[in-house]
Amino acid sequence: KEKKRHMGDTKHFCPVSLKENFVLYPGLYEHAAKYQEKTYYFSTSEYRDKFLKNPEDYVAHNEPIQAPPLRVCLLGTHGAGKTTCARQIADTLGIFHIQFEEYLQELILPKTKEKVGPNFDEELEEDDNKMPMLSQELDNFSQTMTKTEIEKSKQEVELTDEEEAIKANLMDNEPLPPEVLDNIVLDWWRKEPFRSTGFILDGFPRTLDEAQYLSERGLCPDVAVYIQVEESDVLDRLFPPRLKKWKERQYKKMENKKKLKDLKAKIRV
């Protein structure tokens, strides 16, 4: 109790990180300094030196220093129920819910026009492509589209380097470079309305590199929760809807094959 009485306004958190980045970053004993008979702890020696140059910028005056809002990282394997839990927590606490992979999808959706990744089957149905051509033959329409026009219609919109990195991450789990993460993650800690409201970040960090990125940038969540579930629970949750989708796709293929067969028979006649 005696020791706490002599701690600074931000206790064991770095006052410079709190003032400049609105983050509760734990200070270290080796970076401690005294001001007006109180001990302050800093995350780095550079922040300690910055404090000692202008200490009045970082201490409380008429009112206590305001603490930042709650920031939560919710982690777990795919299918663990992170998004369901995150929505409920966000509604209860009045903070933002950020689904990380969904946010990445939204960043490139204006260019890709559809979601990308293993969970979004993009395969083209050959039967669908042939149907209009056969139907036109049946109705004696001439095929006027040239090869150049076909290639032009299929030409993809050119993505920026950042968008390419995001697409590679969604498609093949390629790591996102720190400079790309800077353009995405920093705003949630440092810009409004997230800065003063708080958030629950669903599905980030996903890898050790992403966790180290948060540490290197001084982006400390107040709470990190990992949802652990049995494999059987994940299978029971994810397998039925995927099986249903696969059956619908197979049924559609069979229907298209039947239509193709009928069209070919009419053309021969």
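In case you missed it, the structure is sitting above this.
Computed from a predicted model, the values in this text were never measured in an experiment.

Engineer: Please provide a residue-by-residue account of the sheet that holds strand β4 (residues 96-99), values included.
Structural biologist: Reading across the sheet, the four strands line up as β4-β5-β3-β6 and stay open at both edges, with parallel pairing between neighbours. Strand pairing shows two members of the sheet lacking a second neighbour, β4 and β6 (223-227), which therefore form its edges. Between one strand and the next, the sheet's axes are offset by a mean angle of 20 degrees, whatever the strand orientation. Relative to strand β5 (residues 199-202), β4 runs parallel, the two being bridged by four bridges. Looking across to β5, one finds that His97 is bridged to Ile200. Across the sheet, helix α5 (residues 100-112) is in contact with β4 and β5; its angle to β4 comes to roughly 75 degrees.

Engineer: Go over the packing of aromatic side chains with me, naming the residues and quoting the values.
Structural biologist: The tally for this structure, following the rule as stated, stands at 10 aromatic pairs. On the numbers, 4.9 Å between centres and 40 degrees between planes, the contact of Tyr40 with Phe51 is tilted. Taken together, the positions of Tyr40 in strand β2 (residues 38-42) and Phe51 in helix α3 (residues 45-53) put the pair 11 residues apart, joining distant regions of the chain. For the residue pair Tyr40 and Phe51, the accessibility class agrees, reading buried in each case. When the centroid spacing of 4.9 Å and the interplanar angle of 50 degrees are considered together, the rings of Phe42 and Phe51 count as tilted. In terms of burial, Phe42 and Phe51 fall into one category: buried. Connected via pairs of aromatic rings, a cluster forms that spans Tyr35, Tyr40, Phe42, Phe51 and Tyr58.

Cut-offs and rules
- Residues numbered from 1 in each chain as written.
- Predicted model: local features only at pLDDT ≥ 70, side-chain atom pairs only at ≥ 80, totals over all residues.
- Heavy atoms only, no water.
- Pairing = 2+ DSSP bridges.
- Helix = DSSP H or I, 4+ residues; strand = E, 2+ residues; numbered from the N terminus.
- Axes fitted to C-alpha atoms, helices over the stretch in contact; angles between N-to-C directions.
- Contact = heavy atoms within 4.5 Å.
- Phe/Tyr/Trp six-rings, centres within 6.5 Å; stacked < 30°, edge-to-face > 60°.
- Buried < 20%, exposed > 50% of the residue type's maximum accessible area, 1.4 Å probe, protein only.

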